Amino acid sequence: MTDTNEGKRRGELWRGTTTPRAPLAPPTDRRTFLKLAGWSALAGGAAACTPRSPEELVPYVDMPEHVVPGRPTYYATTLLREGYGYGAIVETREGRPIKIDGNPGHPATLGASDAVLQAELMQLYDPDRSRTPLHDGTPRSLDALAADLATLRERLLKSGGRGLRVLTPPVTSPTQAARLGALLDSFPEARWHQWHALARDAAITGSRIAFGRAVDITTRMDRADVIVQLDGDFLAEGPAHLAHAADFSSRRRPGPGMLRLWVMESTPGLAGAAADHTLVVPQPRVVRLALALAAELGLAVPAAEGLSPRERRWVAACARDLAEHRGRALVLAGDPQPPAVHALAHWLNAALDAPGRTLEWRDPALARPEPVIESLTALAEDMHRGEVDALVVIDGDPAYDAPADLRFAEGLERVSTVIHHGLYVDATARRADWHVPLAHDLESWGDARAFDGSVSLQQPLVEPLHASLPRLALPEMLMGRWPRSDREVVAAHWEARLGGESAEPWKAALRAGIVAGTASSSVDVVPRPSAIRDALAETPGNADAPAPVLQFRADPHVSDGRYASNAWLQELPRPLTKLTWDNALLISPAMAERMGIGDEEVLRVSTGQATIEAPAWVLPGMPDEALTIWLGHGRAIRSGGEGDSLADGVGVDAYPLRTTGALFARTGIDVEPVGRRYALAATQHHHRMEGREPVRRMTLAEVLDGRDHAPQGDEHPSLYPEPVPAPFDVDAPQWGMAVDLNACTGCMACTAACQAENNIPVVGKRQVRAGREMHWIRVDRYYEGDADAPRTLFQPVPCQHCENAPCEYVCPTGATQHDSEGLNVMVYNRCIGTRDCSQNCPYKVRRFNFVEYNYGAQEAELLSALRNPDVTVRSRGVMEKCTYCIQRISRARRQAKIEDRPIADGDVVTACQQACPTGAIVFGDVSDPESAVSRAKNHPLDYALLAELNTRPRTTYRARVRNPHPDLEENDSSGGDKAHG
């Protein structure tokens, strides 16, 4: 375990070190970029020697009619995650994708996005991506690959494909499933296996237990009055989490019938932070609590033993709430829980009359709804027996993330021919005979199903940046059908299904990004109580698990490790811990106190078969006698360019402790301090509000009683004791923002979207530790109540654009100014870096370029392609901050002028507002009393941050409102419901 930046000298300024280096390349202007892009295409073609199907090429001087220089063009496409499709609208400039947002017509995104969707742009331009095919580690051409595959194909044809294995992530793509099916028809003895480290096996197996067949569940949270989450995090995990966030927030508006959320959680998450009642327990204990809840609701289940008085009180109140809202209730089981708990959740929902109201059971979206752990285990066993002659791994790294007891990397040594098709030269690629670069989703044609089965289409936004192949290519090559283009394959699949001889339905689906009428059918199934009881009886959990428990969770941003080389996601603070550039062993305050340790002290965790060492991070809300470590770190990737990969040395690999029988939790571990420390980089170290109430909070009962929650302005000294009203300029809009803290889940999508929109640089771990992170929006996280079971509060804080702006009075050069539309603007050319404005800002929302972050890296030419040309790229020595996306305001102003009309409400949507999945952010003209932002600001719960200072910020907040159950409210003063296993 080494420091992210220590000993690394590749692109020092890109990595964020404090030692400036002379630029290796000058800033790249548009003309130079186009020349470089043309050279790269020629060089890539020459290196790859790839025969391509003939396509018409049109010189750029004969510009397409819909392309106007300097104006964006938008395309609908689909991005894949865990096999499922996320609909996206991608903004391009002269052929460069520069911004990704959700597709409003897609059920999985509904126009919103999350941090990962935003950062797919960095994944596309990532300098660490593989750039050329490798044979035994040596660069080769795709022609050489095709020749080898032709030889392999001839050999396999003689045996009917005996010994051929194909390993993919779970597949929802109709086209990919059809091509893999055709491959199996050509080679009847071949086998197709699936693996993903975060696959939803428990949900699939649980539905088979409950109904005798696999089904998917789609929820209608906007119809629910009560939701119960049995571990997991429906606001942050799973293919429907963005839709869940939108539906959930729509029912959290204060008023009669406001939704109430109950959460049992083993690791703090966004759902637990949003909950009205949270029960903190180690993961194995959730089984008995679920049994107790079912028994309270009258289901005949095994008795739950050993519950504490507080647990019984919590479960009893939860059961009463569910029973009182029959037909408007919903029970969700999280991915970390065993299949029996998922089956029990189906039974509970049926008993609560949820089907047809708050949920539907549907045919699975997966082409093969099978437990992937069983599929991978069968493959590993065949490999160790020597029965696998050729293995094709598409978009995966099982040598890194397969369960340790499968010894997958050892099994690869017994396979004659291993072909790896992936974005990176990773652990599996280095053990393969052939590594083939995988085209990014933004470079490919394809399709995928959303969580509800709806099919969306994928189209390339840019020609492949490297000598890569789409994920459909290798099956086509093995069937002797290459070089048929991926567009030809996908179009042939859908044109026949959509329009017969007419291509118009196919084109319409491409424009919309989704194929209408393709959602999965609802199914009429009935739970089988006897099968569910049998499964519960065989599931460990009613007896006390040996302490401590080690819990495995995906990193909130780098997931299972596939985004480990993504600089935006590595530096984006994790919502609860605020850690960047590392993972850690999350530990409760009580356990840390007993062990006599604190943050950054290294712990050794041993299982008997494997040992890891990782730093501790004390996290309020962690259950006692449980530790959690994020997966996805410590990944070994060879850079596609020069030097080391960005992922090298980042965090600790926890996969060696994960086995087939312990995918989410492991008992029987030994934990001990090793007597040294490891430096972690966090962006927030203080989590108390110290009586100033930056986050106002109330209960629903107080709101309905008409309580006035306005702050008392005379309790604190004011920077401007005499109010100075400034009348609005009636000839210009007056911009302002309102943020609903009751809707905000702290997901960090706003911060990621702001970074993508505004060319915000990555600074690296060392600079983050020095407090020099550059994000223009920080999301503050506060706790209140018991440290072992606190209530968690979030507050996004961009520049407040104050009317009485303290920064403006102290700038010696007039670099920060107040314009006629109420914006606090920055004139970068005037800024000389005194930082007086930052010192005088009570909100601490200004960032200073201590280092030349944007130029000097060896990857500058490639990374410059992702920049927004409408936003200045700031150089060293200037102050920068949120601008309310002034470039979007200017674009709307120009369009309104062309159309000879005033700017309409909704014409300007900031990047953070557009990304927010819960609609927590509203922006617009506050001088228009009918605008959405004016209505939001007129809400009785709206308030200004640090209003007592009389800076009169244009950004205001709506108070957080809880809806506690009356039976628990008086016993809930700590903010959460504490229970130890």
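From a predicted model like this one, the values you see are computed outputs, not experimental measurements.

**Side note on the overall build of the chain**
- Helices and strands together make up the secondary structure of the chain, namely 31 helices and 40 strands.
- Across the 981 residues of the chain, 62% fall into the buried class.
- Considering only contacts in the chain between residues 6 or more positions apart, those separated by 24 or more positions represent 75%.
- With an accessible surface of roughly 35,600 Å², the chain has 50% of that area assigned to carbon and sulfur atoms.

**Describing the packing of helix α5 (residues 174–186) against helix α17 (residues 486–498)**
- Two elements in contact, α5 and α17, have axes separated by 10 Å at closest approach and are oriented at 100 degrees. It follows from the interaxial angle that α5 and α17 lie roughly perpendicular. Along the contact surface, α5 presents P174, T175, A178 and R179, while α17 presents V489, V490, H493 and W494.
- For the contact of α5 with α17, the class distribution of residues is 5 nonpolar, 2 polar and 1 charged.

**Quick notes on the nonpolar core**
- Counting 180 residues, the largest nonpolar core has L322 and L344 as the members making the most contacts within it.
- Excluding residues that lie within four positions of it along the chain, L322 makes contacts with V226, V228, L293, L297, A329, V331 and L352.
- Residues L167, A402, F552 and I587 belong to the second largest nonpolar core, which totals 46 residues.

**Thoughts on the sheet that holds strand β3 (residues 96–102)**
- Ordered by their spatial adjacency, 3 strands build an open sheet running β1-β2-β3, and the pairing between neighbours is antiparallel. Of all strands in the sheet, those bounded by a partner on one side alone are β1 (73–81) and β3. On average, each strand axis in the sheet is tilted by 40 degrees relative to the strand beside it, whichever way the strands run.
- Pairing between β1 and strand β2 (residues 84–93): 9 bridges, direction antiparallel. Within β2, the residue paired with Y74 across the bridge is E91.

**Side note on the side chain of E600**
- Tracing the backbone shows E600 in the loop between α21 (589–595) and β22 (601–606).
- Among the residues examined, E600 registers a relative accessible area of 15% and is labelled buried.
- Within the structure, the side chain of E600 is placed 3.0 Å from the backbone nitrogen of L680, a separation counted as a polar contact.
- When near neighbours in sequence (up to four residues on either side) are disregarded, E600 contacts P615, A616, R676, R677, Y678, A679, L680 and R769.

**Examining unusual backbone geometry**
- One non-glycine residue, E94, lies in the positive phi region at around 50 degrees.
- Position of E94 among the secondary structure elements: in the loop between β2 and β3.
- A residue is classified by how much of its surface remains accessible, and E94, at 15% relative accessible area, is buried.
- If you check the backbone angles, D900 has positive phi at about 55 degrees while not being a glycine.
- The residue D900 is located in the loop between α28 (886–898) and α29 (911–915) in this model.

**A word on the packing of aromatic side chains**
- According to the stated counting rule, one finds 9 aromatic pairs in the structure shown.
- Residues W735 and F923 carry aromatic rings whose centres are separated by 5.5 Å and whose planes lie at 10 degrees to one another, so their mutual orientation is stacked. In this pair, W735 sits in strand β29 (residues 735–740) while F923 sits in strand β36 (residues 921–925), placing the two residues 188 residues apart along the sequence.
- A relative accessible area of 2% places F923 in the buried class.
- Centroid distance Y943 to Y957: 6.2 Å. Interplanar angle 40 degrees. Geometry classified as tilted. Linking Y943 in strand β37 (residues 942–943) with Y957 in strand β38 (residues 955–958), this pair joins segments that are 14 residues apart in sequence.
- The class for Y943 is buried, based on a relative accessible area of 5%.
- The ring of Y86 carries the charged tip of R81 above its face, separated from the ring centre by 4.4 Å.
- Over the ring of F848 we find R835, and its NZ or CZ is 5.1 Å from the ring centre.

**What to know about the packing of α17 against helix α18 (residues 504–512)**
- Look at α17 against α18: their axes get within 8 Å of each other, and the N-to-C directions meet at 115 degrees. Our pair here, α17 against α18, has a crossing hand that is right-handed. Taking contact as the criterion, the partners of R487, V490, A491, W494, E495 and L498 in α17 are, on α18, P505, W506 and A509.
- Considering only residue class, the contact of α17 with α18 consists of 7 nonpolar, no polar and 2 charged.

**Let's talk about the pairing of strand β11 (residues 277–280)**
- Residues of β11 alternate between two faces, with H277 and L279 on one and T278 and V280 on the opposite face, all of them buried.
- Inspection of the sheet shows strand β10 (residues 260–265) paired to β11 by 4 bridges, in the parallel sense. Among the inter-strand pairings, W262 is bridged to a residue of β11, identified as H277.

**Let's talk about the confidence of the model for the chain**
- This prediction gives the chain a mean pLDDT of 86; 87% of its residues lie at or above 70.
- Predicted confidence for residues 1–53 stays below pLDDT 50, and this span has 106 contacts to residues more than four positions away or in other chains.

**Looking at α18**
- Those residues of α18 not exposed but buried are W506, A509 and L510. One side of α18 carries all its buried residues, which in axial view fall inside an arc of 100 degrees.
- The secondary structure elements touched by the buried residues of α18 are β1, β18 (455–458) and α17.
- G513 sits one or two residues past α18 and shows a positive phi near 85 degrees.

About the criteria used
Residues numbered from 1 in each chain as written. Predicted model: local features only at pLDDT ≥ 70, side-chain atom pairs only at ≥ 80, totals over all residues. Heavy atoms only, no water. Helix = DSSP H or I, 4+ residues; strand = E, 2+ residues; numbered from the N terminus. Buried < 20%, exposed > 50% of the residue type's maximum accessible area, 1.4 Å probe, protein only. Contact = heavy atoms within 4.5 Å. Areas by Shrake-Rupley, 256 points an atom, 1.4 Å probe, with all protein chains shown as cover. Axes fitted to C-alpha atoms, helices over the stretch in contact; angles between N-to-C directions. Parallel < 35°, antiparallel > 145°, perpendicular 65-115°, else oblique. Nonpolar A, V, L, I, M, F, W, Y, C, P; charged D, E, K, R; others polar. Core = buried A, V, L, I, M, F, W, Y, C linked by side-chain atoms within 4.5 Å. Pairing = 2+ DSSP bridges. Polar contact = N/O pair within 3.5 Å; in protein donor to acceptor, adjacent residues only side chain to side chain. Phe/Tyr/Trp six-rings, centres within 6.5 Å; stacked < 30°, edge-to-face > 60°. Lys NZ or Arg CZ within 6 Å of the ring centre and 35° of its normal. Left-handed = near helix turned anticlockwise from the far one by under 90°. pLDDT = per-residue confidence, 0-100. Arc of directions from axis to C-beta.

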